[in-house]
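What follows is each chain in one-letter form.
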Amino acid sequence: MKTLDQNKPNGGDNGSAAAENDAFLNTLTAIGEEFEGKGGETATAAAEDSTLTAHKESPLLHLPEVPPALTATEASNHFANLLLFFLSGIRPKAYQKQDYRIDRLTPVLLHAYRDATAVRYHFPLFLSQGAEGLACQPLKSLVDKLAETHCAADDEGQRLKRILLAVESRIKSQLDQSNTGSLKQQWQTAADAVLSTLNLTAERRKDIAARLNTIAETLPDAGELYACHPRVPLLLLQNAQQSAWDTHATRLAKEMHELIFRLEGLLGSEAQPDDPGRTENHSEAALSDPALGELDADIFAEIVSESQPVSLLPEPRRERIRAAREVIAQMQKKYGLVEPGSGRTGAAENAPVRTCREALNRYYERRADLTAFFKAVRIARLEVDNRYREDKHDPYFAGFNEHYLNHREMTAFPPVILHLQSGSLNDADKALLIEILASDMPVKVLFQIDQICESAAAVDPSVNSHPGRQDSLTEPHTNSSTALALNAWTARLPQMALNLQNSYVFQGAIADPEALLEAYQVGLAFEGPALFAVYHPRHAGDDSLAQYINAAAALEARLLPGFRCQPDLGSGLAERFSIGRTPQNDRRWPENELHYQEDSTTETAMMAFTAADFLAQEESLSSQFLAVPRTDWPPQMLPVSEYLDLSEGKRNEKIPFILMAGEDGLLWRVVPTQDVIRLTYQVAANWQALQELGGINNSHVAAVLAAEKERLETEKAREISDLSEQHHAEMAQTVGQLTEEIVSRIAAGLLSEGSATAMPAAPPVPRPAPKKAPAASPAESPAPAPAEAEVEEEEALSFDEPYIDTPLCTSCNDCINTNKAMFAYNENKQAIIKDINAGTFRQLVEAAEKCPVRIIHPGKPKHPDEPGLEELIKRAEKFN
Amino acid sequence: MFGIDTESIVNFEQDYYAMEDYQSNIPRWCPGCGDNAILTSVQKLCRDEQLPPEKTVFVSGIGCSSRFPHYMKTYGFHGLHGRALPIAEGVKMHRPDLHVFVNMGDGDCCSIGTAHWIHAIRYNMNIVAMMHDNGIYGLTKKQASPTSPRGLKSNTTPQGAFLDALNPTLTTLSVTNVSFVAQVVEWIPEVLHNVIKAAYHHHGFAFIRIMQRCPHFTPTIFNELLQKPDNIMMLTHPNGLQLSEGVGKLYKNQQEHDPSDMVKAREYATLSDKFAVGILYQNENVPCYEDIRRPKRIFTPEMRQEALEKEFDKFSVQPAS
Ligand SMILES: Cc1ncc(C[n+]2csc(CCOP(=O)(O)OP(=O)(O)O)c2C)c(N)n1
Ligand code: SF4
Ligand code: SF4
Ligand SMILES: [Mg+2]
């Protein structure tokens, strides 16, 4: 990585002057899309569009001019000054000026996103109830889809596209005021506004208005837009909850409606003779309902007035039915178990509670309701089926309690939603929260984090820890040596919940709303408790983009890495746990390209985005940073990400820095205090632990891998040496043999030529004995395998196998009735031979004879000793 | 526990029906009776089309064949002799959302039920009507029916039937508003199934005459067709019946016939030496009675049921356990 050295001469790169920083952090990539420039278009078009391209690009990032080289004294003075600041946070005299504060600087990777109007990001978010349930998508994807379908590639089409983008941008600023709004309405207002600012002839205006109208008509009718604001995490959760509950409640409502209807049918026998329904007037009124079609009211009234109602229900039974009906009706009302459109209420039961105590109370109440409800439902079902037996069921229902409920019944009513703000938790809540998360209660906790770390000054003892009582969890805040720390609860609660093993846990930030919605949907459906820890910055300023960027940056810098754990996916971590939503999750810090200018040439460097970079843009922490001009950069400065890798001893000789940029694009090195660095270490360690859980860079695995690699290598080496040894031995043997053979041949040749020359007598060649079959001992001798046997086998495989032309079977049952084990039906209820050995050849032939469509082919008998075979084979012939 | 379903809430809707889901009692037809083949074919149709059993109704008259609804695990109405069709029409009129099938015998349809048959064709309601033609009154043990071949000896015609058989196919073809007429034999399962399927997909009154073997009383009347496949003339057409390779090889006598051609249809219905199998006539454009007569405001069956039952409930008496 380039370190942007103080005295570094220019790099050789002479790239284009356009130094933009578009390849930022993954979650922010979308932001880089900017409105297109005008290109080579006609003057009118340009005039028309003048309002559409108001955005100016952020100034190019650039280094200050190269200053004169530092003398040794200067360098050591600067080093001493910066070290003082690093260690103590005390600003040296030379840097007291406003210029050296970082309030007006941005971490360099965020520089490109200064202009809110130009940036397209995940918000406004469009949330709608579609056919497949609740779904969300950024407004920008919606607009992109519209542009794709409605805007041709020609100039006119592209102009229309820019108008759409302007409408989008307009909606964004509208939402900055209102935070939410219906898509249709917002669109209409924005489109009108954009149209009125365009410099158009009347005719063109009409034309474009018409086109915009056509496009507006294709927009979904229902659905809300949300800007990025602190209510979004809860709103999304409530929407997800409502959507899930609606589907469930509708189904439940239908069942209850039917049940009550039938219960009333049972009770209806109590009708009195003077029941108004018996009068002619009443019948007429009832039957005038056109739904009844063409029944004659007079005749109907005549018939019913003649019937004599008798009450046949014994009193206790009637009481029981009434009581059950009462309970069911009461719960129907309380939980809004009515069909959609008939005024579903029950919203109160879905509303979130704010304290753990309330959540528990509500849960207990709900459990009691469920018990009463399902007791009534079970009684009712028995009654309508006429199966209630007092001797058996009375004692059963007398002892009925929540343990009698099965899982599906337990989750029949909506789960309790608990909304907690990280900053306002008291001790009682903390204890109960752990209890809830360790239980199996369907309580869904939205733990909204608005601040991840705090400086000592920011700790409000009245809220975060009890005065006079040392809370071990919050100890780091009160530890005098550490002025700045991760908010222990905030940072560790989700990980603690992870260790409890039985709750659904999600951690993420508002910057990834799709992941959030999905997590809500899965977590709500999960049978036990769920914890959704969602970061939504409190101090990031109030515009939507600033909040979004801060949240995205927290994800990137691993201050609040995205992860989820879903216990019902399996028992192993690999199945339940994932850090998939954290950008570049295989690295310690995400790295991105940075383009900047030095002496009018473009340089490119890879920049890591560390926790220190994130902290630098937190307003409340600005005193922890010192901006240093290029003239004062001592050679000991090192980027934070490299500084972290140094061994303890080496660190004393260095000063870490991060890069920040002013509005004008000028780059500054910014030195953090050692508190910031300590926190950065902590974040990195935390992240590494999560990575290991997620199976990335797992240290155990790495150790095993290393050991295994070594083992394999030694093994390989041994194998190689074994092989080469063997090879050598074989070579030696072959060479030996060949030599012997050659020698003996020569010797033989010489002898045959009758030469009397005395030659050393060649030793007799030990010829390898020809491989002979081992002498066949009687016991071992293989059974004679004469050729006939093979032939027979082959024949048996041909047409002598019995079979049925199954597709032609008319399902007449005849063969099946002959032998149920031998014949059976397939999934189309057509006969097949199920087990040929389950019956005799005689049965097979008989079935073939019976089969009305003659599709059973008996083949040849399997067992040669069946009696009467000769005759049977003859009878079978005509079916084969 | 105590006969209580522990899974007492939330009926998860069944997502797939298998053949077994449409099978109820074991049929009590004679061994080898062709009604079995028709039953299997219909059950297969229900499965292939995934007809919800609670939205499917089989209506029949009286006869062996009319035992059909008992063997289907759907709704059923075992009616009066000859009256299957008016009952089915009533069902369809008030519950157009149901799939309505009719099974009747040749005696049922062409003898005592003739008037209803003619008018059902004219009303053209969206129903599949299967006429199981075994040429005999089976249930009452062998009396000649209108479709018995001349000369058939039966309990009512001990010297052999005097008259030529009625041709139900031709009769159907000549009634006003006829919209679907097919003729099949029950012993070629594939063809039977394809024709029943086409009838099911037809919008209107689909009449299928199914030649059905009665091994008990008329064991020989189809011998000419059973033993000589060439006597069966397969009417094929891209809009009509299409044969698989296997069946095509067995039944080589094939003729292309466009089911929209009424003149040809009548010709094929009256072949003397051969027997035409396939869809003879189909016209999707004939209006259905229930479509014409449907009230302007649509009421769901549930709305109707609710209104009616609310009234009836006031007067009904439920027996105690
Ligand atoms: C009104 C009336 N008349 C006569 C009968 C007696 N009966 C019962 S079934 C039947 C004929 C059945 O023949 P078919 O319709 O061909 O049915 P199959 O048994 O052949 O399937 C008759 C006449 C009756 N049940 N009701
Ligand atoms: S006897 Fe023939 S037609 Fe009947 S079930 Fe068996 S194979 Fe099928
Ligand atoms: S009598 Fe004939 S039609 Fe009736 S069940 Fe027996 S075989 Fe079938
Ligand atoms: Mg009959």
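Residues numbered from 1 in each chain as written. Chains lettered and ligands numbered in written order. Predicted model: local features only at pLDDT ≥ 70, side-chain atom pairs only at ≥ 80, totals over all residues. Heavy atoms only, no water.

Peer 1: For this particular structure, what's the right way to read the site of ligand 2?
Peer 2: Close contacts around ligand 2 come from 14 residues, with Cys809(A), Thr810(A), Cys812(A), Cys815(A) and Cys851(A) the closest. Residue composition of the shell around ligand 2, grouped by class: 10 nonpolar, three polar and one charged. (Near = heavy atom within 4 Å. Nonpolar A, V, L, I, M, F, W, Y, C, P; charged D, E, K, R; others polar.)

Peer 1: Honestly, a negative patch on the surface in this entry has me stumped. Any pointers?
Peer 2: A contiguous patch of negative charge on the surface is contributed by Glu258(A), Glu339(A), Glu302(B) and Glu306(B). Mapping Glu302(B) onto the fold places it in helix α11 (residues 301–313). The class for Glu302(B) is partly exposed, based on a relative accessible area of 44%. (Patch = residues over 30% accessible without salt bridge, like charges linked within 9 Å, V, L, I, M, F, W, Y side chains within 5 Å. Areas by Shrake-Rupley, 256 points an atom, 1.4 Å probe, with all protein chains shown as cover. Salt bridge = Lys/Arg side-chain N within 4 Å of Asp/Glu carboxyl O. Lys, Arg positive; Asp, Glu negative; His and termini not counted. Charge placed at Lys NZ, Arg CZ, Asp CG, Glu CD. Helix = DSSP H or I, 4+ residues; strand = E, 2+ residues; numbered from the N terminus. Buried < 20%, exposed > 50% of the residue type's maximum accessible area, 1.4 Å probe, protein only.)

Peer 1: Whenever I open this one, the pattern of salt bridges confuses me. Can you help?
Peer 2: Any two side chains of opposite charge can pair, on the condition that their charged atoms come close. Residue and element names in this part refer to chain A. This structure, assessed with the given rule, holds 42 salt bridges over all chains. Asp 512 is paired through a salt bridge with Arg 581; the nearest N and O atoms lie 3.1 Å apart. Taken as a pair, Asp 512 in the loop between β10 (504–509) and α19 (513–525) and Arg 581 in the loop between β13 (577–578) and β14 (591–598) lie far apart in primary sequence, 69 residues in all. Its relative accessible area of 8% is what places Asp 512 among the buried residues. According to the relative accessible area criterion, Arg 581 is partly exposed, its value standing at 44%. Where salt bridges share partners, they join Glu 156, Arg 159, Arg 204, Asp 207 and Arg 211 into one cluster.

Peer 1: What should I look at first to understand the packing of helix α4 (residues 155–178) of chain A against helix α6 (residues 202–217) of chain A in this one?
Peer 2: Each pair of packed helices can be described by the angle between their axes along with the distance between the axes. Residue and element names in this part refer to chain A. Viewed as axis vectors pointing N to C, α4 and α6 meet at an angle of 65°, and their least axial separation amounts to 12 Å. By the criterion of interaxial angle, the relationship of α4 to α6 is roughly perpendicular. Considering only the axes of α4 and α6, their crossing is right-handed. The segment α4 lies against α6, with Glu 156, Arg 159, Leu 160, Ile 163 and Leu 164 engaging Arg 204, Ile 208, Arg 211, Leu 212 and Ile 215. Taken together, the residues of the contact of α4 with α6 break down into six nonpolar, no polar and four charged. (Axes fitted to C-alpha atoms, helices over the stretch in contact; angles between N-to-C directions. Parallel < 35°, antiparallel > 145°, perpendicular 65-115°, else oblique. Left-handed = near helix turned anticlockwise from the far one by under 90°. Contact = heavy atoms within 4.5 Å.)

Peer 1: Even after reading the chapter, I still don't get the sheet that holds strand β5 (residues 224–226) of chain A, so can you show me in this structure?
Peer 2: Two pairing modes exist for strands in a sheet, parallel and antiparallel, and in both the strands are linked by backbone hydrogen bonds. Residues and elements named next belong to chain A. The strand order across the open sheet built from four strands is β3-β2-β5-β4, with neighbouring strands paired in antiparallel fashion. At either end of the open sheet lies a strand with only one pairing partner, and these are β3 (133–138) and β4 (180–182). Taking the axes of each pair of neighbouring strands and ignoring which way they run, one obtains an average angle of 25° across the sheet. Sheet analysis places β4 next to β5, joined by three bridges and oriented antiparallel. In the sheet register, Thr 180 faces β5, and the bridge partner there is Tyr 226. In the packing of helix α3 (residues 139–150) onto the sheet, the strands contacted are β2 (125–130), β3 and β5, and the crossing angle to β3 comes to about 80°. In the packing of helix α7 (residues 232–267) onto the sheet, contacts are made with β2, β3, β4 and β5, and the angle to β2 comes to roughly 5°. (Pairing = 2+ DSSP bridges.)

Peer 1: What is the right way to look at the coordination of the magnesium ion (ligand 4) in this model?
Peer 2: Between any two of four tetrahedral donors, the ideal angle at the metal is 109.5 degrees; between two of six octahedral donors, it is 90 or 180 degrees. Residue and element names in this part refer to chain B. The protein atoms that coordinate the magnesium ion (ligand 4) are Asp 106 (OD), Asn 134 (OD1) and Ile 136 (O), at distances of 2.0 to 2.2 Å. Ordering the donors of the magnesium ion (ligand 4) by residue number gives the pattern D-x27-N-x1-I. One end of the pair, Asp 106, is in helix α3 (residues 106–112); the other, Ile 136, is in the loop between β4 (127–133) and α5 (168–173), with 30 residues separating them in the sequence. (Donors = N, O, S within 2.8 Å, 3.2 Å for Na, K, Ca; no water.)

Peer 1: Would you take a moment to explain the site of ligand 1 for this structure?
Peer 2: All names here are of chain B. With respect to spatial proximity, 16 residues lie near ligand 1, and among them Cys 64, Ser 65, Asp 106, Gly 107 and Asp 108 are the closest. Gly 107 has a polar backbone atom sitting 2.9 Å from an oxygen atom of ligand 1. Within the side chain of Asn 134, an N or O atom sits 3.0 Å from an oxygen atom of ligand 1. In isolation ligand 1 offers 590 Å² of accessible surface; the protein chains occlude 73% of this area. Ranked by residues supplied to the shell around ligand 1, first place goes to α3 with four residues. Classifying every residue of the shell around ligand 1 gives six nonpolar, eight polar and two charged. (Polar contact = N/O pair within 3.5 Å; in protein donor to acceptor, adjacent residues only side chain to side chain.)

Peer 1: How should I be thinking about the packing of α7(A) against helix α12 (residues 356–384) of chain A in this particular structure?
Peer 2: Residue and element names in this part refer to chain A. Direction vectors running N to C along α7 and α12 enclose 55°, while the axes themselves pass 10 Å from each other. When the axis of α7 is compared with that of α12, the two are oblique. Like other packed secondary-structure pairs, α7 and α12 cross with a definite hand, here left-handed. Taking contact as the criterion, the partners of Glu 255, Met 256, Leu 259, Arg 262, Leu 263 and Leu 266 in α7 are, on α12, Phe 373, Val 377, Ala 380, Arg 381, Glu 383 and Val 384. Per-class residue counts for the contact of α7 with α12 are eight nonpolar, no polar and four charged.

Peer 1: Teacher, can you tell me more about the environment of Ile832(A) here?
Peer 2: Residues and elements named next belong to chain A. You can see Ile 832 is positioned in strand β22 (residues 831–833). A residue is classified by how much of its surface remains accessible, and Ile 832, at 31% relative accessible area, is partly exposed. For the pair Ile 832 and Pro 807, spaced 25 residues apart in sequence, the C-alpha separation works out to 9.7 Å. If we ignore the near neighbours within four places in the chain, the residues touching Ile 832 are Ile 804, Thr 806, Met 822, Phe 823, Ala 824, Tyr 825 and Asn 826.

Peer 1: Where do I start with helix α15 (residues 427–438) of chain A in this structure?
Peer 2: Each α-helix winds once per 3.6 residues, and so residues spaced three or four apart point in a common direction. Residue and element names in this part refer to chain A. Taking 1.5 Å of rise per residue, the 12 residues of α15 would be expected to cover 16 Å, and the 17 Å separating its terminal C-alpha atoms lies within 8% of that figure. Those residues of α15 lying buried are Asp 427, Asp 429, Lys 430, Leu 432, Leu 433, Ile 436 and Leu 437. The opening residue of α15 is Asn 426, an N-cap whose side-chain oxygen sits 3.2 Å from the backbone nitrogen of Ala 428. (Expected span 1.5 Å × (residues − 1).)

Peer 1: Honestly, the nonpolar core in this entry has me stumped. Any pointers?
Peer 2: Soluble globular proteins tend to pack their nonpolar side chains together in the buried interior. Residues and elements named next belong to chain A. In this structure, Leu 418 and Phe 614 are the most contacted members of the largest nonpolar core, which totals 133 residues. The biggest single contributor to this core is helix α20 (residues 544–556), with eight residues. Each of domain 1 (26–37 + 48–65 + 80–115 + 586–698) and domain 2 (124–227) accounts for three or more of the residues forming this core. The contacts of Leu 418, once residues within four sequence positions are left out, are Val 353, Arg 354, Thr 355, Cys 356, Ala 359, Leu 433, Ile 436, Val 443, Lys 444, Val 445 and Leu 446. (Core = buried A, V, L, I, M, F, W, Y, C linked by side-chain atoms within 4.5 Å. Domains from an automatic or database assignment.)

Peer 1: Explanation requested: unusual backbone geometry in the structure shown.
Peer 2: A negative phi angle characterises most non-glycine residues, just as the trans form characterises most peptide bonds. With an omega of -5°, the peptide bond between Phe123(A) and Pro124(A) qualifies as cis. Along the polypeptide, Pro124(A) turns up in the loop between β1 (106–107) and β2. Despite not being glycine, Asn124(B) has its phi angle at roughly 50°, a positive value. If you trace the backbone, Asn124(B) turns up in the loop between α4 (114–123) and β4. With phi around 75°, Lys141(B) is a residue other than glycine that occupies positive phi space. As for its placement among the helices and strands, Lys141(B) is situated in the loop between β4 and α5.

Peer 1: Even after reading the chapter, I still don't get the packing of aromatic side chains, so can you show me in this structure?
Peer 2: Within a pair of aromatic rings, the relevant descriptors are the distance that separates the centres and the angle that separates the planes. By the definition in use, this model includes 29 aromatic pairs over all chains. Between Phe123(A) and Tyr548(A), the ring centres sit 6.1 Å apart and the planes meet at 65°, which makes this aromatic pair edge-to-face. Highlighted residues: Phe123(A) in the loop between β1 and β2 and Tyr548(A) in helix α20, separated in sequence by 425 residues. Here the two residues Phe123(A) and Tyr548(A) agree in accessibility, since each one is buried. Ring plane angle 35° and centroid distance 5.8 Å describe the contact between Phe58(B) and Phe68(B), whose orientation is recorded as tilted. Here Phe58(B), found in strand β1 (residues 56–60), pairs with Phe68(B), found in the loop between β1 and β2 (75–78); they are 10 residues apart in sequence, far enough to count as distant. Side by side, Phe58(B) and Phe68(B) carry an identical accessibility label, which is buried. Taken together through their ring pairs, the aromatic side chains of Trp29(B), Phe58(B), Phe68(B), Tyr71(B), Phe101(B) and Tyr200(B) make up a single cluster. (Phe/Tyr/Trp six-rings, centres within 6.5 Å; stacked < 30°, edge-to-face > 60°.)

Peer 1: Just checking my understanding: could you explain the side chain of Thr806(A) for this structure?
Peer 2: Considering the arrangement of structural elements, one finds Thr806(A) in the loop between β20 (803–804) and α28 (814–818). Taking relative accessible area as the criterion, Thr806(A) reaches 14% and is therefore assigned buried.

Peer 1: Sorry if this is basic, but what is going on with the confidence of the model for chain A here?
Peer 2: It should be kept in mind that the predicted coordinates are not to be read in detail where pLDDT is low. All names here are of chain A. For chain A, the mean per-residue pLDDT works out to 78, and 76% of the residues sit at or above 70. Ranking the elements of chain A by mean pLDDT puts helix α17 (residues 475–478) last, at 40, and β22 first, at 95. Below a pLDDT of 50 lies the segment residues 5–56, which in the model reaches 118 contacts outside its immediate sequence neighbourhood of four places, other chains included. Considering only residues more than four positions removed or in separate chains, one finds that residues 753–798, a stretch of pLDDT under 50, has 10 contacts. (pLDDT = per-residue confidence, 0-100.)

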